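Fold and contact review
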Amino acid sequence: MITSLKAMERTDCAKRIRKQGYVPCSIYGPGVERNIDIQIEEKELNRFLKDHFIGSKTKVKINDSELSCVIKNIERDPIIKNPIHIEFYASSEDRLVKVKVPLKFKGKEYLLKNNLVLNINRNEIVIQGILKDLPEYIEVDVSLMKEGSTLVMGDIVLPEGIKLLSRQNEVVVRVAQAVHESEAEIAG
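None of the values given here were measured: they were computed from a predicted structure.

**As for the sheet that holds strand S5 (residues 65-76)**
- A barrel is described by the order of its strands in space; here 6 strands give the closed sequence S1-S3-S2-S6-S5-S4, paired in mixed fashion. Averaged over all adjacent pairs, the angle separating strand axes in this sheet is 45°, with direction ignored.
- The sheet strands contacting helix H2 (residues 42-49) are strand S1 (3-9), strand S2 (22-28), strand S3 (36-41), strand S4 (57-62), S5 and strand S6 (83-90), and the helix crosses S3 at an angle near 85°.

Here it is as structure tokens:
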């Protein structure tokens with residue numbers, strides 16, 4: 001899912017831009033000759049960020065040019081959580097890119113049916129691949145996991161052409177027996 005964002009080059013300071021209803025952003029990387037400071041309308045960006053996150057691919061339109069980018073960082077206001085600055089990494093579609101993407105766990109409901117809980121240690125994975133082949137997220141099936149089992153980064157099946165950059169032995173999830181309040185009170 002690639003979505004285009006319309007942007008304008010920015011000349012004013014970030015504080016003034018925010019007061020005008022825009023979010024200051026930066027574009028850098030091998031896909032641009034120089035770093036570009038841009039601004040994107042806040043309403044459009046908020047709609048975009050409902051379905052996109054760090055590691056998402058997008059096209060950024062500036063004047064007559066369109067750049068293939070990956071969201072590298074989203075800085076948010078600590079209180080109201082609105083984006084206050086975004087970094088885009090520009091690259092060509094056929095160039096290798098290193099990116100952090102979210103992990104989505106499917107099959108958690110099967111664990112719950114068996115009175116098991118999934119303890120998530122890591123919900124992101126660092127991968128490398130050609131920009132056009134990068135997934136928006138990596139789906140991990142946990143439905144067949146048993147009590148006491150763990151899943152490490154090296155166990156995750158990646159799409160063809162995608163390389164794992166996270167540590168192979170880094171624990172992603174552990175499965176444990178669910179403890180109910182009454183049992184916890186008896187044990188305590």
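After that view of the structure, there is still more to cover.
**Notes on the side chain of serine 68**
- Summarising the element assignment, serine 68 is placed in strand S5.
- Here the side chain of serine 68 touches lysine 59 through a polar contact of 3.0 Å, side chain to side chain.
- Contact partners of serine 68, with chain neighbours within four places excluded, come to Thr58, Lys59, Tyr89, Ala90, Ser91, Glu93 and Leu131.

**Quick look at the nonpolar core**
- Core analysis: the biggest nonpolar cluster contains 26 residues, and Ile125 and Ile156 have the highest contact counts within it.
- Of all the secondary structure elements, the ones that give two or more residues to this core are strand S7 (96-106), strand S8 (116-120), strand S9 (124-130), strand S10 (138-141) and strand S13 (171-177).
- Sorting elements by how many residues they give to this core places S7 first, with 5 residues.
- Each residue touching isoleucine 156, except ones within four places of it in the same chain, is listed here: Leu103, Ile125, Ile138, Val140, Leu151 and Val172.
- Counting 21 residues, the second largest nonpolar core, distinct from the first, contains Ala7, Ile38, Leu45 and Ile74.

**Looking at H2**
- Along H2, the positions that sit buried rather than exposed are Glu44, Leu45, Phe48 and Leu49. Considered in projection along H2, the buried side chains sweep an arc of 130° and stay on one side of the axis. Every exposed residue of H2 that faces more than 90 degrees away from the buried side is listed here: Lys43 and Arg47.
- Of the surrounding secondary structure, the elements contacted by the buried residues of H2 are S1, S2, S3, S4, S5 and S6.

**Things to note about the state of the cysteines**
- Under the defined criterion, the tally for this structure stands at 0 disulfides.
- The thiol of cysteine 25 is not disulfide-bonded; the next cysteine sulfur, from cysteine 69, is found 10 Å away.
- A residue is classified by how much of its surface remains accessible, and cysteine 69, at 1% relative accessible area, is buried.

Rules of the game
- Residues numbered from 1 in each chain as written.
- Predicted model: local features only at pLDDT ≥ 70, side-chain atom pairs only at ≥ 80, totals over all residues.
- Heavy atoms only, no water.
- Pairing = 2+ DSSP bridges.
- Helix = DSSP H or I, 4+ residues; strand = E, 2+ residues; numbered from the N terminus.
- Axes fitted to C-alpha atoms, helices over the stretch in contact; angles between N-to-C directions.
- Contact = heavy atoms within 4.5 Å.
- Polar contact = N/O pair within 3.5 Å; in protein donor to acceptor, adjacent residues only side chain to side chain.
- Core = buried A, V, L, I, M, F, W, Y, C linked by side-chain atoms within 4.5 Å.
- Buried < 20%, exposed > 50% of the residue type's maximum accessible area, 1.4 Å probe, protein only.
- Arc of directions from axis to C-beta.
- Disulfide = S-S within 2.5 Å.

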